[in-house]
Amino acid sequence: MNDRLTTPYGAWPSPIAASDVARGERRLGFPSVAGAEIWWEESRPEENGRNTVMRRGADGAATELLGAPWNARTRVHEYGGRSYLPVPRGDGETATQHGIVFAEFTDQRLYLLDTDTPRPLTPAPTVAGGLRYADFALSSDGTQIICVQERHDDEGGVRRAIVSVPLSGEAAETPGAVTELVTGADFYASPTPSPDGRHLAWISWYHPRMPWDGTELRVGTRTEDGRITGTYTLKGGVNESALAPVWRDNEALYFITDWSGWWNLYEIGLTGQALPLYPAEEEFTGGPGELGAAPYCRLDDGRLVVLHGNADLRISVYDPETAELEPLDTALTSWETLATDGTTVVGLASAPGTPQSLVRLAPDTLHPETLRGSLDEPPDPEYLPAPRHASLDGRYGGTIHANVYPPTNPTATGDGPAPYVVWVHGGPIAHASSRLDLAKAYFTSRGIGIIDVNYGGSTGYGRAYRERLHGQWGIIDVEDATAAAQALVDEGSADPERLAIRGGSAGGLTTLLALTGTTFACGVSAYGVTDLLRLAAETHDFESRFLDSLIGPLPGYAATYRERSPINRAGEVRAPALLLQGSEDTVVPPAQATEFAKELGERGIRHAHIEFGGEAHGFRTAESRQRALEAELAFYGEILGFTPLDVPGITLVTGHQGNEAIPEADTGTDTDEEPTETGTEEKPEERPAAERS
């Protein structure tokens with residue numbers, strides 16, 4: 001065993017460079033399977049975050065279906081979701097039996113790729129990007145795509161419907177060929193045709209609720225002319241979140257609801273009572289994140305392959321005949337989404353030491369086989385931190401859930417308690433899992449510990465835990481983050497003089513409010529909320545009423561919005577801050593960071609403000625992600641008293657001197673990304689409601 005050198009925390013030599021984090025990991029998404037063919041989305045950081053669709057054939061070879069400049073991404077809800085769907089080919093004369101329908105980012109039209117060149121299926125919008133489509137399902141007769149349509153008008157209005165789009169392509173020139181099937185609600189998800197095509201099930205909800213607050217599982221009958229009639233609600237309501245319908249047969253559905261306080265699996269007939277399948281104090285979904293994610297699937301033999309757990313979801317098989325839930329033997333501990341053709345199952349999964357992977361479960365044994373990883377060359381496992389789950393005591397005896405990542409390096413050790421950074425996930429109704437995250441290893445391998453906090457409001461721990469944040473955003477999250485840091489100090493792991501906090505999006509608000517206390521020596525806010533009244537007035541439609549539950553409805557709670565806004569608390573900030581912001585962010589517009597930096601400058605608080613040209617809500621390009629990571633490490637070094645190796649220095653100012661502008665990269669974006677932690681691409685998550693403001 002090699003002797004480890006005692007080296008200052010933060011200055012440990014590490015083989016994990018910021019460029020490795022920024023460029024080395026592709027993000028996999030939304031797998032599909034049909035026989036020997038498997039598809040998935042793949043985000044390419046080296047191509048400025050472009051999304052392509054990949055196919056794996058019977059020979060095991062992976063083929064890219066969409067070359068540049070095609071970019072398969074949907075902007076529905078601004079956070080998007082599944083951007084493609086395999087569809088049967090009509091000619092039967094090629095090696096592949098399927099083509100794909102996909103949403104092209106630049107114009108948001110649907111295209112069909114079943115020959116060499118994609119051809120449009122939907123009409124060109126009169127407003128740029130104004131007709132958007134997501135959450136695709138193939139009609140039972142295979143002639144149409146049924147999906148959510150989001151329509152933007154030139155006055156900023158937004159309207160949604162469930163529509164059918166013919167695969168013939170006639171709607172590209174004849175807009176009336178896109179048929180509205182279901183209208184009237186503010187939001188839709190999961191349009192799901194019955195096997196015989198006679199019924200359609202879906203999820204809908206209305207402002208001001210978010211999908212984790214209250215939704216309805218509805219169903220209607222499809223008429224001979226293809227329209228939906230006789231619609232009614234099967235389950236759900238104002239205080240019940242019903243999600244993810246899957247038909248058992250033509251007369252009954254499976255779905256998930258938190259009616260009991262936990263998102264559990266249920267079954268319901270078209271006229272019957274909802275029956276719980278496996279009551280448990282755990283979640284059978286990571287939450288209603290990106291459109292098109294599937295937390296369970298039904299096999300042809302009647303069994304269900306399900307994900308369940310808390311912040312980390314494991315995989316099991318549920319047998320409705322025996323009501324038994326049998327775990328699958330796998331070292332993968334954080335599962336994201338599933339798909340099946342009835343016999344073969346594919347999914348995305350990871351573990352603390354295993355990067356995100358595309359996994360196939362064998363039809364007979366359901367034994368997992370990894371087909372593709374997000375990393376070609378994972379780091380030496382000796383440099384990867386092994387997280388421990390901690391249940392900590394919060395204020396008034398409440399429990400706080402967190403994952404603790406200690407400094408980890410086989411060649412170096414430190415003297416005394418280590419500096420620690422509290423990571424605050426966005427959302428705020430989201431969660432942090434223990435999956436491998438190279439951004440975390442970038443810091444821990446240099447001697448900086450991390451505690452990733454699932455504060456009150458996080459998904460994974462039941463409805464009551466989520467609702468701790470109702471009316472208390474900016475209070476409970478700050479208290480929990482502060483208590484988590486103090487717990488590490490009390491156990492002797494963390495240096496009380498070298499505690500930092502960082503968060504993105506909603507986590508940025510938590511971070512900046514936490515700096516008004518005395519616990520943290522500094523904080524990093526990435527595209528963070530600073531002005532709640534401004535956010536309520538300027539943010540996009542999907543989240544335009546989110547603050548009603550987090551704080552209270554306007555105008556009655558205007559005073560509370562001002563009290564909870566960091567922009568109005570800048571005079572109380574006691575510690576330096578680093579502000580990272582995208583210039584094209586429409587979820588949290590860049591003026592929020594600019595004005596907050598100005599306030600800090602006027603009060604003589606040391607800070608740096610870096611704006612990334614062309615980036616939106618979450619950084620996609622490798623250059624931006626690398627610069628953000630290096631700036632964050634340099635900032636910690638400046639404040640916590642160490643000299644990091646091989647990163648550019650950072651200049652902190654005390655007056656208002658404007659922001660450091662990073663030149664605009666060709667991101668291929670003009671909208672908001674799924675919010676991500678700095679230097680990584682998330683994940684409703686984790687993302688779910690993916691890292692949301």
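Above: the structure in question.
Here we summarise the structure given alongside this text.

### Topic: the overall build of the chain
Here comes step 1: Within the chain, the secondary structure is distributed over 10 helices and 39 strands.
Here comes step 2: The C-alpha radius of gyration of the chain comes to 24 Å, within 12% of the 26 Å expected for a compact globule of 693 residues.
Here comes step 3: Referenced to the eigenvectors of the C-alpha coordinate spread, the extents of the chain come out at roughly 70 × 60 × 50 Å.
Here comes step 4: Counting every position in the chain, which comprises 693 residues, the buried fraction comes to 65%.
Here comes step 5: When the accessible surface of the chain is totalled, it reaches about 24,300 Å², and 46% of it is carbon and sulfur.

### Notes on the nonpolar core
Here comes step 1: One finds Val422, Ile451, Trp473 and Leu532 to be the most contacted residues of the largest nonpolar core, which totals 92 residues.
Here comes step 2: At seven residues, helix H4 (residues 476-490) tops the list of elements feeding residues into this core.
Here comes step 3: Dropping the residues within four chain positions of it, valine 422 is found in contact with Ile451, Val453, Ala481, Ala485, Ala500, Ile501, Arg502 and Phe520.
Here comes step 4: With 41 residues, the next largest nonpolar core counts Tyr383, Tyr442, Phe443 and Leu652 among its residues.

### Focus: the environment of arginine 466
Here comes step 1: Residue position: arginine 466 is located in helix H3 (residues 463-466).
Here comes step 2: Considering only alpha carbons, one finds arginine 466 and glycine 456, 10 residues apart in sequence, at a separation of 6.1 Å.
Here comes step 3: Apart from the residues lying within four places of it in its own chain, the contact partners of arginine 466 are Trp212, Asp258, Trp263, Glu283, Ile429, Gly457, Ser458 and Thr459.

### Focus: the pattern of salt bridges
Here comes step 1: By the definition in use, this model includes 39 salt bridges.
Here comes step 2: For the salt bridge of aspartate 114 with arginine 119, the shortest nitrogen-to-oxygen distance reads 3.6 Å.
Here comes step 3: Residue classification places aspartate 114 among the buried residues on the basis of a relative accessible area of 16%.
Here comes step 4: Look at arginine 119 and you get partly exposed, because its relative accessible area is 32%.
Here comes step 5: One salt bridge in this structure joins aspartate 258 and arginine 463, with 2.6 Å as the shortest N-O distance. With aspartate 258 in the loop between strand E19 (252-257) and strand E20 (264-269) and arginine 463 in helix H3, this residue pair connects regions lying 205 residues apart in the sequence. Across this residue pair, the class does not change: aspartate 258 and arginine 463 are buried.
Here comes step 6: Overlapping salt bridges, with partners in common, bring together Glu42, Arg44, Glu47, Arg50, Glu64 and Arg372 in one network.

### Topic: the sheet that holds strand E25 (residues 324-327)
Hydrogen bonds between backbone groups are what pair the strands of a sheet, and the pairing can be parallel or antiparallel.
Here comes step 1: Judged by pairing direction, the sheet is antiparallel, and its four strands sit side by side in the order E22-E23-E24-E25 without closing on themselves. A single partner strand is all that each edge strand has here, and the edge strands are strand E22 (296-298) and E25. Neighbour-to-neighbour, the strand axes of this sheet turn through a mean angle of 35°, independent of strand direction.
Here comes step 2: When strand E23 (residues 304-309) meets strand E24 (residues 313-319), the two strands line up antiparallel, connected through six bridges. Paired with leucine 304 across the two strands is tyrosine 318, which belongs to E24.

### Details of unusual backbone geometry
Here comes step 1: Cis geometry marks the peptide bond from histidine 207 to proline 208; its omega dihedral reads 5°.
Here comes step 2: Along the chain, proline 208 falls in the loop between strand E15 (199-205) and strand E16 (216-222).
Here comes step 3: Backbone geometry at glutamate 78 places phi at a positive 70°, although glycine is not the residue there.
Here comes step 4: In this fold, glutamate 78 is placed in the loop between strand E5 (62-64) and strand E6 (84-88).
Here comes step 5: A residue is classified by how much of its surface remains accessible, and glutamate 78, at 10% relative accessible area, is buried.
Here comes step 6: A positive phi is found at alanine 244, a non-glycine position, where the angle reads about 55°.
Here comes step 7: Inspection of the secondary structure assignment puts alanine 244 in strand E18 (residues 242-247).
Here comes step 8: Assessed through its relative accessible area of 15%, alanine 244 is described here as buried.

### Focus on the side chain of glutamine 356
Here comes step 1: Following the sequence through the fold, glutamine 356 ends up in strand E28 (residues 354-361).
Here comes step 2: Accessibility expressed as a relative area gives 2% for glutamine 356, which makes it buried.

### A closer look at the sheet that holds strand E12 (residues 158-166)
Here comes step 1: In space, the four strands of this open sheet follow the order E10-E11-E12-E13, with antiparallel pairing throughout. Only two strands of the sheet have a single partner each, and these edge strands are strand E10 (131-138) and strand E13 (179-182). Adjacent strand axes in the sheet meet at a mean angle of 40° when their direction is disregarded.
Here comes step 2: As paired strands, strand E11 (residues 144-152) and E12 are joined by nine bridges and run antiparallel to one another.

### Topic: the environment of tryptophan 262
Here comes step 1: Within the secondary structure, tryptophan 262 is located in the loop between E19 and E20.
Here comes step 2: For tryptophan 262, a relative accessible area of 18% translates into the label buried.
Here comes step 3: Sequence separation between tryptophan 262 and serine 241 is 21 residues; the distance between their C-alpha atoms is 9.7 Å.
Here comes step 4: Among all residues touching tryptophan 262, those that are not within four sequence positions of it are Thr257, Ala280, Glu281, Glu282, Glu283, Asn310, Gly460, Tyr461 and Gly462.

### Digging into helix H5 (residues 506-514)
In an α-helix, one turn spans 3.6 residues; hence positions three or four apart end up facing the same way.
Here comes step 1: Of all nine residues in H5, nine are buried; the element is thus mostly enclosed.
Here comes step 2: Residues Ala506, Gly507, Gly508, Leu509, Thr510, Thr511, Leu512, Leu513 and Ala514 constitute the buried set of H5.

What counts and how
- Residues numbered from 1 in each chain as written.
- Predicted model: local features only at pLDDT ≥ 70, side-chain atom pairs only at ≥ 80, totals over all residues.
- Heavy atoms only, no water.
- Helix = DSSP H or I, 4+ residues; strand = E, 2+ residues; numbered from the N terminus.
- Rg over C-alpha atoms; globule rule 2.2 N^0.38 Å.
- Buried < 20%, exposed > 50% of the residue type's maximum accessible area, 1.4 Å probe, protein only.
- Areas by Shrake-Rupley, 256 points an atom, 1.4 Å probe, with all protein chains shown as cover.
- Core = buried A, V, L, I, M, F, W, Y, C linked by side-chain atoms within 4.5 Å.
- Contact = heavy atoms within 4.5 Å.
- Salt bridge = Lys/Arg side-chain N within 4 Å of Asp/Glu carboxyl O.
- Pairing = 2+ DSSP bridges.
- Axes fitted to C-alpha atoms, helices over the stretch in contact; angles between N-to-C directions.

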